[in-house]
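# Coordinates in review
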Amino acid sequence: RAQATRLYSAEDPLTILTSDTLKETLRNSSSAWLIQFYSSWCGHCIQYSPTWKALAGDVKDWEQAIRIGVLDCAHENNFDVCKLFGIHFYPTFRYFKARSGTFDLGKTYRGPDRDLQTVRQLMVNFIQNHTREDWPVGCPPLESTRSENVLSLLGQKSEQYTAVIIEDEDSYVGREVILDLMVYEGLRVTRALSSDRALLEKLGVTTVPSAYLLHPNGSHSLMDMQKRLRFFFSSYLKLLPGVHRKQANAAHDPMHAGNGGPGAAEVWKEFDKSKVYMVDLESGLHYLLRVELASHPTLEGEELKTFKDFVTVVAKLFPGRPSVVKLLETLLEWLVSLPLERIPYDAILDLVNNKMRISGLFLSDQLQWVGCQGSLPELRGYPCSLWTLFHTLTVHAAQRPDALANTGLEEDPLAVLQTMRRYIGTFFGCQECGRHFEEMAKESLSQVRSLDQAVLWLWSKHNQVNSRLAGTLSEDPRFPKTQWPTPDLCPACHEERDGLHVWNEEHVLSFLKQHYAGASLKYASSP
Ligand code: FAD
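## Notes on the side chain of D134
Note on placement: D134 falls in the loop between α5 (116-128) and α6 (147-151). Taking the relative accessible area as the measure of exposure, D134 reaches 15% and is therefore buried. A distance of 2.7 Å separates a polar side-chain atom of D134 from the backbone nitrogen of T131. Not counting chain neighbours up to four residues away, the residues in contact with D134 comprise K97, A98 and R99.

Listed below in structure tokens is the structure:
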């Protein structure tokens, strides 16, 4: 049973079904289901579980059309239901149609269970097996459109974009992109076939797959893709201005209320997404020192040690303006020189606000977000700046390995990450976020062996958080949570292997170094 808990967890992007939930879930479900009945004792099931999780993550946005589930037949509570469904071998993959009013044992598919791309294409076929009557609610049409339907739209104004993927008949890219974008509004995706010569000629398409974009203002053009891959098409479309995930009103998210601080995003400032703005980093430090820390009236014991290490790391690695770096260094000297075991927060505030100001050392007095602006005051802001700060620190630690000399932290490639981990666990106001971060750290931080790996660890964990939060209330519709850096920022970071998107980590590392420590760092707050 312990094994069962380890194979799949609530953190995985799939549904864990049990005897209590299976029948009810399938009865008249608005979406189709693909369920793996497995046994936690079957070696093959154990080995296959990473692929199944990767598939579930890959098609997470298809949920309204088809969902991925698992059921552990080795769990004694599930014995009866596995018997009822006639499961004799593991793993058994069953496909269940949407909206079937009657009890249905599903259809077993015996396709190769290792090849993710094949399973994904089978899923597309399963969806297309539905009729008009039982078509999954919320699933857009997947069949190809005819040239007249596209040509009649050219030059027309509309409330939304229309993207047309032009491809060969046996290509799945168009249908995959349609499904990837089904939870987005502001855009309609359709597909046309390369056999439609008149259309290709009219649109000037010479290579397939290609995508043609009709803008709301009536203009239209071929999409300029670095690589003609599903991930590139989908990412490009998700990032179009005005295209965003359908979601409930983010203003009601209690976890994030107040994170941006009063006045954030009052006047919108244009900025460049490919830059890191110093004003965000300074505002983050301001919030951290003057607001977040204030809820701890005295610092002592582990809290004090965590704060000292945090100030050490920031003072030594923060690439700020000289007056800010000097302020951090003075704060550090003061903390180190004090023989006290308890420090009242007011003393820190007095030092930062009054004593240092006399010498001309001060942090900006207000919160001002530029790259971390949110479309509502409670979105983005401080947590955005904290991620940005820690990425900047891990990258600077990798660029300047000697920077932490004589601090007691110099030997440890994990120094910045462990300090971040302790800071988040001790001071970060969002406790739930801290709990999740601690889980990720416990699971894999000990595998980090070098400063470069530390940079990549934080990048990959941040992407894990992005994926978990996509479509939730903490997502700013204007800044969709995506796997970052997106192809427009770093085309070389993205590759496709056996139909699955993969990262080129070597390119990701050099991109992160350039982004967080190179010419991308902007000291002015305009683009
Ligand atoms: P953020 O995710 O804050 O990212 C800021 C900027 O970093 C982006 O604009 C982009 O330029 C860059 N970036 C994005 N991804 C990466 C990456 N992979 N590597 C490097 N740079 C990247 N909110 C919750 O609702 N639940 C949680 O459990 C939760 N956990 C959190 C844990 C931590 C440690 C932190 C700091 C924040 C957490 N948050 C959580 C907040 C959430 O992650 C976002 O910070 C917040 O929703 C604001 O999102 P954003 O759009 O500004 O982008």
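Moving on from the coordinates now.
## Some details on the site of the ligand
Inspection of the region around the ligand gives 23 residues, with R380, W459, H462, K481 and Y516 positioned closest. Between H391 and the ligand, the recorded distance is 3.4 Å, taken from a side-chain N or O atom to a nitrogen atom. Here an oxygen atom of the ligand sits 3.2 Å away from a polar atom, N or O, in the side chain of R468. Against a free-state accessible area of 940 Å², the protein chains account for coverage of 93% of the ligand. For the shell around the ligand, the secondary structure elements donating two or more residues are α14 (382-399), α16 (431-444) and α17 (451-469).

## Some details on the pairing of strand β6 (residues 161-167)
When you tally the buried positions in β6, you get seven out of seven residues, the bulk of the element. The alternating pattern of β6 places Y161, A163, I165 and E167 and T162, V164 and I166 on opposite faces, both of which are buried. By the bridge criterion, seven bridges tie β6 to strand β8 (residues 187-193) in an arrangement that is parallel. When the bridges of β8 are listed, V164 appears paired with T190.

## What about the nonpolar core?
Here is a general trend for soluble globular proteins: nonpolar side chains tend to be buried in one another's company. Core analysis: the biggest nonpolar cluster contains 78 residues, and F307, F310, F318 and L331 have the highest contact counts within it. Per element, the largest residue contribution to this core is ten residues, and it comes from α14. Not counting chain neighbours up to four residues away, the residues in contact with F307 comprise L289, L293, L299, L331, L335, I348 and F427. With 54 residues, the next largest nonpolar core counts Y95, I127, M182 and L213 among its residues.

Cut-off values and rules
- Residues numbered from 1 in each chain as written.
- Predicted model: local features only at pLDDT ≥ 70, side-chain atom pairs only at ≥ 80, totals over all residues.
- Heavy atoms only, no water.
- Helix = DSSP H or I, 4+ residues; strand = E, 2+ residues; numbered from the N terminus.
- Buried < 20%, exposed > 50% of the residue type's maximum accessible area, 1.4 Å probe, protein only.
- Polar contact = N/O pair within 3.5 Å; in protein donor to acceptor, adjacent residues only side chain to side chain.
- Contact = heavy atoms within 4.5 Å.
- Near = heavy atom within 4 Å.
- Areas by Shrake-Rupley, 256 points an atom, 1.4 Å probe, with all protein chains shown as cover.
- Pairing = 2+ DSSP bridges.
- Core = buried A, V, L, I, M, F, W, Y, C linked by side-chain atoms within 4.5 Å.

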